[in-house]
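Observations on the model geometry
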Amino acid sequence: GPAQDSGWISDLVVGSPHRRQGIGARLLNAARRWSMDRSLMHLFLEMQSKNYPAICLAKKMGFSFAGFSDCYYPDQDIALFFTLDLS
């Protein structure tokens, strides 16, 4: 798992009727602020490899690709991990 000085987002979901309105970006910004308020150094974000909108959002929000894990989810999909440096 992540280091003690890291925050971890494993589920970030915006309901279908509310997508493409900036809600995901606002949620990530709130998580970033929450993490910084607690003096965390990194924020990790995980998503399924087929979740192209989430990958685009992570990159847009300044997250960098940090790795992947095969067969991570119950459906055996690959997990992608992104990180944001908060220091």
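The coordinates are above.
Counting starts from 1 at the beginning of each chain's written sequence and moves along it residue by residue. Selection of residues for local features in this predicted model requires a pLDDT of at least 70, selection of side-chain atom pairs for listing and counting requires 80 or more, and totals for whole chains, interfaces and linings are taken over all residues. Side-chain measures were taken over the full set of non-hydrogen atoms in the model, leaving aside hydrogen atoms and water.

**Focus: the overall build of the chain**
Counting from the N terminus, the helices are the DSSP runs of H or I reaching at least four residues and the strands are the DSSP runs of E reaching at least two. The secondary structure content of the chain amounts to two helices and four strands. Across the chain, helices and strands are ordered from the amino to the carboxyl terminus as β-α-β-α-β-β. The globule rule is 2.2 Å times the number of residues to the power 0.38, and the radius of gyration it is compared with is taken over C-alpha atoms. Computed over the C-alpha atoms, the radius of gyration of the chain is 13 Å, within 12% of the 12 Å expected from 2.2 N^0.38 for a compact globule of 87 residues. Three labels apply to residues, based on accessible area from a 1.4 Å probe with only protein chains included: buried if under 20% of the type maximum, exposed if over 50%, partly exposed otherwise in between. Split into buried and exposed, the 87 residues of the chain put 33% on the buried side. For every accessible area listed, the method is Shrake-Rupley and the probe measures 1.4 Å; residues are considered covered only by the protein chains on display. Looking at the chain as shown, the accessible area adds up to about 5800 Å², and 54% of this sits on carbon and sulfur atoms. Positive charges come from Lys and Arg alone, negative charges from Asp and Glu alone, with His and the N- and C-terminal ends not counted. Lys charges are placed at NZ, Arg charges at CZ, Asp charges at CG and Glu charges at CD. Looking at the chain, you have 9 positive and 8 negative side-chain charges, and the mean spots of the two groups are 13 Å apart.

**Quick look at the sheet that holds strand S2 (residues 42-48)**
One open sheet holds the four strands; their spatial order is S1-S2-S4-S3, and the pairing between them is mixed. Looking at which strands have only one partner, the edges of the open sheet turn out to be strand S1 (6-9) and strand S3 (64-69). In this sheet, neighbouring strand axes are inclined to one another by 25 degrees on average, regardless of whether the strands run parallel or antiparallel. Here, residues are in contact when the closest pair of their heavy atoms is within 4.5 Å. With axes taken as lines fitted to C-alpha atoms, and helix axes fitted only over the stretch in contact, angles between N-to-C directions fall between 0 and 180 degrees. With respect to the sheet, helix H1 (residues 23-37) is in contact with S1, S2 and strand S4 (79-85), its orientation differing from that of S2 by roughly 145 degrees. Any two strands are treated as partners once DSSP identifies two or more bridges connecting them.

**Describing the nonpolar core**
In this structure, Leu43, Leu45, Met47, Phe63 and Phe82 are the most contacted members of the largest nonpolar core, which totals 16 residues. Excluding residues that lie within four positions of it along the chain, Leu45 makes contacts with Ile9, Leu28, Ala58, Phe63, Leu80, Phe81 and Phe82. Put simply, a nonpolar core is a bunch of buried Ala, Val, Leu, Ile, Met, Phe, Trp, Tyr and Cys residues held in one set by side-chain atoms that sit within 4.5 Å of each other.

**Concerning the layout of surface pockets**
Only protein atoms enter the 1 Å grid used here. Points where a 1.4 Å probe fits but cannot escape make up a cavity, open sets with protein on both sides within 12 Å along at least five of seven lines make up a pocket, and a residue lines them when an atom lies within 4 Å of a point. Grid points are joined across faces, edges and corners, and a volume is the space filled by probe spheres set on the points. Roughly 820 Å³ of volume is contained in the largest pocket. For the largest pocket, the lining is made up of 27 residues, of which Leu12, Asn51, Pro53, Ala54 and Leu57 are closest to its centre. Elements that contribute at least two residues to the lining of the largest pocket include exactly H1, S2 and helix H2 (52-60). At six residues, the largest contribution of residues to the lining of the largest pocket is made by H2. For the lining of the largest pocket, a count of residues per class yields 15 nonpolar, seven polar and five charged. Under this grouping Gly is polar, as are all residues other than the nonpolar Ala, Val, Leu, Ile, Met, Phe, Trp, Tyr, Cys and Pro and the charged Asp, Glu, Lys and Arg.

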